[in-house]
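Close look at the chain arrangement
Okay, here's what each chain looks like letter by letter:
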Amino acid sequence: MHEHASRFGRADHLVGICSLPDADARSTGVIVLNAGLVHHIGPFRLHVEMARQLAGRGYPTLRFDLSTLGDSSASGEPLSREQQVQSDVADAMTLLRERSGCTRFVLVGLCSGAQNAHLVARDNEAVAGVVFLDGYAYRTTGFKLRHYLPRLLNPARVARHLVQRLRPAQPAGSGFRVEFPPQARVREELAGMLQRGLRLCFVYSGGATGYFNHRRQFGECYGRALARHPGVSVSFLKQVDHTYILVGDRARLLDDIESWLCTHFPHVDAPPETPHNVVAIR
Amino acid sequence: MSTRTERDEPGYFGPGQDLFGIYHPGCLGGRQAALLCPPLGQDLIRCHRLYRQLARALASLGLAVLRFDYHGTGDSAGATGEVDWSRCLADVATAAGQLRLRSGCEQVIGFGARLGGSLALAAADRAQFAELILWDPVLDGPGHVAALDALQSALRLDGNRFVAPRPAAALADQWQGFAIGDGLRQPLAGLRLDPPRRRTLLVCSSAADGNADHHRFAAAGAEVAALSQPTPWQDLAHLETAIQSHELIDIVGRRVQEATYA
């Protein structure tokens, strides 16, 4: 595995690092999107560890910063945020294709990264799969029963809840708040991705328990047919936090992603072309 | 002095081409350059944007600037658990040499926040810094180790992060998201840094913090500047919140301009 730093993009405004296998590169590349405002190394260096592990297993992997995030600049184009994300990821695909020869891509995104991955996967034909970390889900009746019933049946928790309600609001901790599009639209778009043959991996953490609290909820949200589709994989890591702060939790997540990739994207390509246009400080 | 600067360039450098850095060219023929030494651990991520803003501000004043990652941190080679204090000191010197080579400037200012300040200070002779600008540097290693250990213990029970407390073993040998090996813990546990024998600006987030250190530095000839707001360095509730301070950037910019016209 070796790494190259690049400035790239239609306005030469993006910065990213390609992690490339030394031999036996697979035909599927992996592109890791920003998690919130954290620059491309990811929360607690998650994206660096992910890129190196996946490249070590043969998957060319690019971690980069979208326009105006991390080390990347603005493109200067009059684009909406959605258009900008789509164009930036298309630029990232071009770079990884040039460097490694891969022809299709798996996107990985955590939180807002999952939303951006959804946005791109919806329209971009080069996307073959997506790993959504704390991606979209919606509160269902099952969610509410699982969430409220234990509280109502426990007098101490009811009392604690009432006391909390009487206290002034606490400053925000590491919790997160995101705005989701309508559930029916997301369901339809996910179904469209599966129809196109995409493989989708959903991982929900304990940090998402404000809107997702059981693996079964995925089917409650999107329907049994979609949840049981062979292209869909769902897991719920209840003990784990939203940004994988513990070393052991990160290692398990990365092993799970690697295993999912090896199952769904096992193809090995011819050796990649020699990298060019490497930017180095000399 | 305000000049049009060229685009910053990412790349790898060092003997094994394994250190990641971003070089911000200053104006042609500039006399000074600045090396931005990042903090370690979560502070590195929290300060990333501020370091980029500072680099661009200094480049717009004509300085060539290099920001970089130590071995085992950021985009540089190496696993997180391999971060080693001695290697970090060597990396500061390597980066300073790279900056001189790239910019043609002999005079390099070393800047660092928290442990980045400690590293800039400890490596000042080796890196031949002409001047130091240190923002809340960690001068008392044992106290810092104890504070990080306490924060890690509190993390286990953090109800804002975990649905239920995690077993202590799951948090062992880590500081707030990063594996810690003896190559970092042991040297830090014995770290005591004295004021340097060179032109130094000590920037303090809070006048209440480490007054004895301020006096020690002032007595040794360093200038001391205080920010108007405290910086939440070791606060579990803000562990993933970016550190921002336009005031810090202004202070460093003014200091650099003073040096340029001195």
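Shown above is the structure to which this text applies.
In what follows, the accompanying structure is described. Predicted model, so just to flag it, every value in this text is computed and none were measured.

The rules behind each value
Residues numbered from 1 in each chain as written. Chains lettered and ligands numbered in written order. Predicted model: local features only at pLDDT ≥ 70, side-chain atom pairs only at ≥ 80, totals over all residues. Heavy atoms only, no water. Buried < 20%, exposed > 50% of the residue type's maximum accessible area, 1.4 Å probe, protein only. Helix = DSSP H or I, 4+ residues; strand = E, 2+ residues; numbered from the N terminus. Pairing = 2+ DSSP bridges. Contact = heavy atoms within 4.5 Å. Buried area = accessible area lost by both parts, 1.4 Å probe. Salt bridge = Lys/Arg side-chain N within 4 Å of Asp/Glu carboxyl O. Polar contact = N/O pair within 3.5 Å; in protein donor to acceptor, adjacent residues only side chain to side chain. Nonpolar A, V, L, I, M, F, W, Y, C, P; charged D, E, K, R; others polar. Axes fitted to C-alpha atoms, helices over the stretch in contact; angles between N-to-C directions.

**Let's talk about the pairing of strand 4 (residues 61-64) of chain A**
Residues and elements named next belong to chain A. Here strand 4 shows a buried face lined by Thr61 and Arg63 and a second buried face lined by Leu62 and Phe64. As paired strands, strand 2 (residues 14-20) and strand 4 are joined by 4 bridges and run antiparallel to one another. From the neighbouring strand, glycine 16 faces strand 4, where its bridge partner is phenylalanine 64. Inspection of the sheet shows strand 3 (residues 28-32) paired to strand 4 by 3 bridges, in the parallel sense. Looking across to strand 4, one finds that valine 30 is bridged to threonine 61.

**Looking at the interface of chain B and chain A**
Between chain B and chain A, the contact holds 49 residues from the first and 48 residues from the second. For the pair chain B and chain A, the two sides together bury roughly 3600 Å², of which 51% comes from carbon and sulfur. For the interface between chain B and chain A, the tally reads 5 salt bridges. For aspartate 75 of chain B, the salt bridge is made with arginine 63 of chain A, and the minimal N-O distance between the two is 2.8 Å. Linking chain B to chain A there are 26 residue pairs in polar contact (both at pLDDT 80 or more). Broken down by secondary-structure element, the contributors of at least two residues to the side of chain B that touches chain A are strand 1 (9-13), strand 2 (19-24), helix 1 (42-46), helix 2 (48-60), strand 4 (64-68), helix 3 (85-103) and strand 8 (178-179) of chain B. Residue composition of the side of chain B that touches chain A, by class: 21 nonpolar, 16 polar and 12 charged.

**Observations regarding the sheet that holds strand 9 (residues 200-204) of chain B**
Residues and elements named next belong to chain B. Spatially, 1-2-4-3-5-6-9-10 is the arrangement adopted by the 8 strands of the open sheet, whose pairing is mixed. The two strands at the open ends of the sheet, each matched to only one other strand, are strand 1 and strand 10 (223-226). In this sheet, adjacent strand axes meet at a mean angle of 20° when their direction is disregarded. Both strand 5 (residues 107-113) and strand 6 (residues 131-135) contribute to a ladder of 5 bridges, which runs parallel. Note that in strand 6 the partner of glycine 110 across the bridge is leucine 132.

**Side note on unusual backbone geometry**
Residue and element names in this part refer to chain B. Even without being a glycine, glutamine 128 presents a positive backbone phi close to 55°. Along the chain, glutamine 128 falls in the loop between helix 5 (124-127) and strand 6. On the basis of relative accessible area, glutamine 128 is assigned to the exposed category, the value being 57%. Phi at aspartate 173 takes a positive value of approximately 55°, unusual for a residue other than glycine.

**A short note on the sheet that holds strand 7 (residues 199-205) of chain A**
All names here are of chain A. Read from one edge of the open sheet, 8 strands run 1-2-4-3-5-6-7-8, paired in mixed fashion. The strands lining the two open edges of the sheet, one partner per strand, are strand 1 (2-8) and strand 8 (232-237). With strand direction ignored, the average angle separating the axes of adjacent strands in the sheet is 15°. The sheet strands contacting helix 2 (residues 81-100) are strand 1, strand 2, strand 3, strand 4, strand 5 (104-110) and strand 6 (127-133), and the helix crosses strand 2 at an angle near 35°.

**Brief notes about the environment of leucine 62 of chain A**
Residue and element names in this part refer to chain A. Its location among the elements puts leucine 62 in strand 4. For the pair formed by leucine 62 and arginine 187, sequence separation is 125 residues and the distance between their alpha carbons is 28 Å. Excluding its chain neighbours within four sequence positions, the residues that come into contact with leucine 62 are Phe8, Gly16, Ile17, Cys18, Val30, Ile31, Val32, Ala92, Leu95 and Leu96.

**Brief notes about the pattern of salt bridges**
Across all of its chains, the model carries 30 salt bridges over all chains by this definition. Its salt-bridge partner being aspartate 71 of chain A, residue arginine 67 of chain B comes within 2.9 Å of it at the nearest N-O pair. Of this pair, arginine 67 of chain B sits in strand 4 while aspartate 71 of chain A sits in the loop between strand 4 and helix 2, on two different chains. Aspartate 71 of chain A matches arginine 67 of chain B in its accessibility class, with the two residues each being buried. Salt bridges here are not isolated pairs; linked through shared partners, they connect Glu3, Arg52 and Arg63 of chain A together with Asp75 of chain B.

**Let's talk about the pairing of strand 2 of chain A**
When a strand is regular, its side chains alternate between the sheet's two faces. Residue and element names in this part refer to chain A. In terms of burial, strand 2 is a largely internal element, 7 of the 7 residues being buried. Of the two faces of strand 2, the one carrying Leu14, Gly16, Cys18 and Leu20 and the one carrying Val15, Ile17 and Ser19 are both buried. Direction of pairing for strand 1 relative to strand 2: antiparallel, over a ladder of 7 bridges. Note on strand 2: the bridge partner recorded for serine 6 is glycine 16.

**Looking at the environment of isoleucine 45 of chain B**
Looking at the element boundaries, isoleucine 45 of chain B is found in helix 1. A relative accessible area of 11% places isoleucine 45 of chain B in the buried class. Taking the C-alpha atoms as reference points, isoleucine 45 of chain B and alanine 242 of chain B, 197 residues apart in sequence, are found 7.6 Å from one another. With residues up to four places along the chain from it excluded, the contact list for isoleucine 45 of chain B reads Val38, His39, Ile41, Gly42, Pro43, Phe44 and Arg45 of chain A together with Phe178 of chain B.

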